[in-house]
Amino acid sequence: MVTVHPLANIEGSDSVCVGSDILLTNIVGGGTWVSSNPAVAEIDTFTGVVTGLVDGISSRGYTTTEGCATTFFLRVIPALPTIAGPSLICSNTEVVLSNGVPGGRWSTSNQYVADVDSLTGKVSGHYPDTAEITYMIYGCIANTTVTINPLPSPTLTYNWIPRTLTTAPIYLAYQWYDTSGAIPGATSNTYTMPYINASYYVVVTDFYGCDGPSDVFEYTVGLNNVDKKEVYTIYPNPTSDILYIDGPENNSIVISSIDGRVVTTVAN
């Protein structure tokens, strides 16, 4: 009588990265594992855990207790290069990360902090915090941590004399804007407005390179409140230059801006 013992295929990935582990299995338990080239990839004799050591090809052998052997070829793939790209990202902005081995897939540890396009590596920053971005190909993994910084939110202080808008001197760069666009040369934390009706705001850049705008300040030149008991001729109104007032003498006239601030007091 002849006894035929079962022989089953080795199951598991046919590749492993340098410095990474994979697990090989065989449904016929109780056997032992061996590597044909332990300098390329070593394998635990009893568990089937393979560790990639250097780039190359090696075969794995599994021998049952009855002496039946199965062979399995394995490729050890070089470790992935470091992920390239910015590690500091501003909220509501996008950057593209890359890896020297194309064709893999990208993922994120927290899509609410930063999500990533699985094919292109484009990262979109959302909530200020940190997230781990992972690139995987052939079972090889490279990781990088990105930090999402909040956008600066400058506030404006208005001083009527001499008509200045000011924001805190804590930022790296400043650019003031009016109704028509960027104001040439207005790149400090203070801007003196001309006698022109316009809207003003400043965009600041913090030391992380993140940009953020202030609220808009509406500046209006003109006469806003006149005592109706007396008859006056006021022209031009509004004005961005000289204001003429004709009327009774021996009266005091207070001229205020549209926001209620006193511009000047005139005593006839």
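My aim in this report is to walk through the structure given alongside it, one point at a time. What you see is a predicted model, and the numbers here were worked out from it, not measured in a lab. As a convention, each chain's residues are numbered from 1 in the sequence order in which they are written. Side-chain atom pairs in this predicted model are given and counted only at pLDDT of 80 or more, local residue features only at pLDDT of at least 70, and totals for whole chains, interfaces and linings cover all residues. With hydrogens and water set aside, each side-chain value is computed from the structure's full complement of heavy atoms.

1. Focus: the environment of Ser 109
Then, number 1: Numbering goes from the N terminus for both helices and strands, where a helix is a DSSP run of H or I of at least four residues and a strand is a run of E of at least two. Checked against the element boundaries, Ser 109 lands in the loop between β10 (105-108) and β11 (114-116).
Then, number 2: Considered as a pair, Ser 109 and Thr 130 are 21 residues apart in the sequence and their alpha carbons are 9.2 Å apart.
Then, number 3: Whether two residues are in contact is decided by their heavy atoms: any pair within 4.5 Å suffices. Setting aside chain neighbours within four positions, we find Ser 109 in contact with Ala 131 and Glu 132.
Then, number 4: Whenever a nitrogen or oxygen atom comes within 3.5 Å of another N or O atom, the pair is scored as a polar contact, on the condition that within protein one atom can donate a hydrogen and the other can accept it, and that pairs from neighbouring residues in sequence are kept only if both atoms are in side chains. A polar contact of 2.8 Å, which involves the side chain of Ser 109, links it to the backbone nitrogen of Glu 132.

2. Observations regarding the side chain of Ser 35
Then, number 1: Relative to the elements of secondary structure, Ser 35 occurs in strand β3 (residues 32-35).
Then, number 2: Only 2.7 Å separates the side chain of Ser 35 from the side chain of Arg 60, close enough to count as a polar contact.

3. Looking at the side chain of Thr 134
Then, number 1: Within the fold, Thr 134 resides in strand β13 (residues 130-137).
Then, number 2: Among the polar contacts listed, one links the side chain of Thr 134 to the side chain of Asn 143, at a separation of 2.7 Å.
Then, number 3: If sequence neighbours within four positions are ignored, Thr 134 has contacts with Arg 105, Trp 106, Ser 107, Ile 141, Ala 142 and Asn 143.

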